Amino acid sequence: MILAQWLLTGRPTSVAMDITHRCNLKCLHCYWWQQEHPPELGDEQMITFLKKLRAGGLRAAILYGGEPTLRPKICRAAAGIFDATLAFTNGINGFPELENGQWILSLDGPERENDRIRGVGVYREATKNLKAASSPPIVHMTINRLNQNSLAQFTEEMLTLPVKGLGFSFVTPNQGVADENLFIPLRERNRVVMELLSLRKKYGEKVGFTQAMAQQLLTHGTFNQWNRSSACPVTRRVRCYRSDGRPKACTYGDQADCSRCGCAAVVAYRGAFNPLDYRTLRVILGLLSPAYGAKQPYDEKSIANISGKINGR
Ligand code: SF4
Ligand code: SF4
């Protein structure tokens, strides 16, 4: 139904809500914990707010923070209110049961790279919790200068774990900020985009990155067609709110630099519908529908080999 609404109407379909401004980590690349935030909506206010958005026609919710698992009651309530709910987490608090919802675990590479960015011990804790999750999370990596050379290792490691799939964004800096330590210049980013495509070819659909998505990011592809606020589908299709209920321009905040955007949501949306692309639609269906799974990898032997390698066989 959400896909039909996307196709047949120009209306917003989804809400992206920071359900809390609190977090249990202090990641190197995160501006969030360094900022002052106004008080959050209380539980009942937040639930009423979400219900009003659903009544106004928004069918899907994306829950962000801070760390959403610090408000499990709101996560569960959102999953009951919306047709589809995606919830991002750092994995430290585990993956509470989310009926009709999908957890997305943010990791920033293999243990060494991830823990350099997210803190010592975070990778082990998050992957331990992932193995105990009642339904498989999708793992999402934000690619930056510090972890860009570990994509193959990270993909191999993740595919030995009970994950539903893998997703990738590129770091999106704020306007006027060079962010030389993290941001990958656009022309250099092209090489990484091509590497993601080769990982997809090698390991199959669980690598949620298609040719059509790559086109959206390549400087010689269609990147220049959407990398401004007026042309970005997020601004037309997703209503974004802070944890006190005030609107914001983008999930990345009001200061995000559209001309250097690396958002996976935009890339998937545009890849699926400009023009219609079956493979990218399957990536989106996997996100929206917890029961929808990737096909078996093209190269089963590769996975068996990886598994053996990592387990020392
Ligand atoms: S887990 Fe997310 S919100 Fe918390 S510090 Fe890390 S990047 Fe920021
Ligand atoms: S930063 Fe990216 S996702 Fe956000 S409004 Fe700009 S182009 Fe869209």
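Quick note: structure is the one above.
Residues numbered from 1 in each chain as written. Chains lettered and ligands numbered in written order. Predicted model: local features only at pLDDT ≥ 70, side-chain atom pairs only at ≥ 80, totals over all residues.

As for the overall build of the chain
Along its length, the chain carries 13 helices and eight strands. Burial status across the chain gives 44% buried among its 313 residues. Put simply, 71% of the contacts in the chain that link residues at least 6 apart link residues at least 24 apart. (Helix = DSSP H or I, 4+ residues; strand = E, 2+ residues; numbered from the N terminus. Buried ≥ 20, exposed ≤ 12 C-beta atoms within 10 Å, placed from the backbone. Contact = placed C-beta atoms within 7 Å.)

Remarks on the environment of Phe 49
By secondary structure assignment, the location of Phe 49 is in helix α2 (residues 43-55). For Phe 49, a count of 16 C-beta atoms within 10 Å corresponds to the partly exposed category. Measuring from C-alpha to C-alpha, the distance between Phe 49 and Gly 245 comes to 7.7 Å, with 196 residues separating the pair along the chain. The residues touching Phe 49, leaving out its near neighbours within four places in the chain, are Leu 41 and Gly 245.

Describing the site of ligand 1
Around ligand 1 sit Cys 23, Leu 25, Lys 26, Cys 27, Cys 30, Trp 32, Trp 33, Gly 65, Gly 66, Glu 67 and Asn 90, and that is every residue in its neighbourhood. Here the shell around ligand 1 is built from residues that sort into six nonpolar, three polar and two charged. (Near = placed C-beta within 6 Å. Nonpolar A, V, L, I, M, F, W, Y, C, P; charged D, E, K, R; others polar.)

Considerations on the packing of α2 against helix α3 (residues 72-81)
Where α2 contacts α3, the axes come no closer than 10 Å and their chain directions differ by 20 degrees. Relative to α3, the element α2 is oriented roughly parallel. Once α2 is placed against α3, the crossing between them reads as right-handed. Seen from α2, the contacting residues are Asp 43, Met 46, Ile 47, Leu 50, Lys 51 and Arg 54; seen from α3, they are Lys 73, Ile 74, Ala 77, Ala 78 and Ile 81. Tallied by class, the residues present in the contact of α2 with α3 amount to seven nonpolar, no polar and four charged. (Axes fitted to C-alpha atoms, helices over the stretch in contact; angles between N-to-C directions. Parallel < 35°, antiparallel > 145°, perpendicular 65-115°, else oblique. Left-handed = near helix turned anticlockwise from the far one by under 90°.)

As for the environment of Asn 274
Of note, Asn 274 is situated in the loop between α11 (264-273) and α12 (278-288). Judged by the 16 C-beta atoms lying within 10 Å of it, Asn 274 falls in the partly exposed class. For the pair Asn 274 and Thr 222, spaced 52 residues apart in the sequence, the C-alpha separation amounts to 9.9 Å.

Some thoughts on the pairing of strand β7 (residues 238-241)
In the sheet, strand β1 (residues 14-18) pairs with β7 via four bridges, with the strands oriented parallel. Within β7, the position partnered with Ser 14 by the bridge is Val 238. Inspection of the sheet shows β7 paired to strand β8 (residues 247-248) by two bridges, in the antiparallel sense. Paired with Cys 240 across the bridge in β8 is Lys 248. (Pairing = 2+ DSSP bridges.)

A word on the site of ligand 2
Taken together, 13 residues form the shell around ligand 2, and within it Cys 232, Cys 250, Ala 256, Cys 258 and Cys 261 come nearest. By residue class, the composition of the shell around ligand 2 is nine nonpolar, four polar and no charged.

A word on unusual backbone geometry
Here Gly 65 and Gly 66 are connected by a cis peptide whose omega angle stands at 15 degrees. As for its position among the elements, Gly 66 is in the loop between β2 (60-64) and α3. Here the residue pair Asn 274 and Pro 275 is connected by a cis peptide bond, since its omega of -5 degrees sits within 30 degrees of zero. One non-glycine residue, Asp 179, lies in the positive phi region at around 50 degrees.

Overview of the pairing of strand β5 (residues 138-143)
Of all six residues that make up β5, six are buried, and the element is covered over most of its length. Neither face of β5 is open: one carries Ile 138, His 140 and Thr 142, the other Val 139, Met 141 and Ile 143, and all of them are buried. Sheet topology note: the strand β4 (residues 101-106)/β5 ladder contains three bridges and is parallel. Within β5, the residue paired with Ser 106 across the bridge is His 140. Bridging between β5 and strand β6 (residues 165-170) involves six bridges; their strand directions are parallel. In the sheet register, His 140 faces β6, and the bridge partner there is Gly 167. Traced from β5 through helix α6 (residues 151-158) to β6, the parallel crossover comes out right-handed. (Right-handed = clockwise from strand over helix to strand, strands pointing away.)

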